[in-house]
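Summary of the model geometry
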Amino acid sequence: MGFKNNVIQIVKKIPYGKVTTYGTVALLASLPRGARFVAGVLHFNSEKNNLPWHRVINRNGFISIRSLEHPKALQKALLQEEGIQVSDDFMINLKKYGWSGNSDEKYLDHSKLEKQ
DNA sequence: ACGGTGACGAGAT
DNA sequence: TATCTCGCCACCG
């Protein structure tokens, strides 16, 4: 299938009203260190595959969009439409809105998980 | 075919 | 805590 298609399938599974991180998507796509490339996949495939690209943010909880097609302000607006709180400096509470890909309701911080 | 690139992330300083 | 550095690796031209 390829990493690209894995990413597309996973992003489609992010629930309405939730967000996740590039790193988490990469992990779920079986490429734990492929976070950077997730960004590229979203950039070139979002419209074509009808992806909820706005539900992917960085692991610090910030919107990190910088493309013309997907400006920060648009991502913020789309998230707010789903009932997600976004601060003026484009931050989202991952503890509250994060989706880790598990059936668990709670967001799992993978990086901290591996440490212990 | 091949190398620069990136909407990242973790560890180091 | 804030910044900096560097590894990452499938893709695209």
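Residues numbered from 1 in each chain as written. Chains lettered and ligands numbered in written order. Predicted model: local features only at pLDDT ≥ 70, side-chain atom pairs only at ≥ 80, totals over all residues. Heavy atoms only, no water.

Every buried residue belonging to helix α3 (residues 35-45) is among Val38, Val41, Leu42 and Asn45, and all of these are buried. For α3, the buried positions fall inside an angular range of 95° around the axis, keeping them on one side. Exposed residues pointing more than 90 degrees away from the buried face of α3 are listed as Arg36 and Phe44. On its buried face, α3 sits against α1 (3-13), α2 (22-28) and β2 (56-57). (Buried < 20%, exposed > 50% of the residue type's maximum accessible area, 1.4 Å probe, protein only. Helix = DSSP H or I, 4+ residues; strand = E, 2+ residues; numbered from the N terminus. Arc of directions from axis to C-beta. Contact = heavy atoms within 4.5 Å.)

This part is about the protein's contact with DNA strand B. In the vicinity of DNA strand B lie 16 residues, with Tyr22, Gly23, Arg59, Arg66 and His70 positioned nearest. Taking all atoms of DNA strand B within 4 Å of the protein, the share assigned to sugar and phosphate is 51%. The separation between a sugar or linking oxygen of DNA strand B and a polar main-chain atom of Ser64 is 2.9 Å. In the environment of DNA strand B, a base nitrogen lies 2.2 Å from a nitrogen or oxygen atom belonging to the side chain of His70. Elements that contribute at least two residues to the surface near DNA strand B include exactly α2, α3 and α6 (110-115). (Near = heavy atom within 4 Å. Polar contact = N/O pair within 3.5 Å; in protein donor to acceptor, adjacent residues only side chain to side chain.)

Bringing the protein's contact with DNA strand C into the picture now. Every residue close to DNA strand C is listed here: Phe3, Lys4, Leu31, Arg33, Arg36 and Phe37. Backbone sugar and phosphate groups make up 60% of those atoms of DNA strand C lying within 4 Å of the protein. Separating a phosphate oxygen of DNA strand C from a backbone N or O atom of Lys4 is a distance of 3.3 Å. At 3.2 Å from a base nitrogen of DNA strand C is found a side-chain nitrogen or oxygen belonging to Arg36. When contributions to the surface near DNA strand C are tallied by element, the ones reaching two or more residues are α1 and α3.

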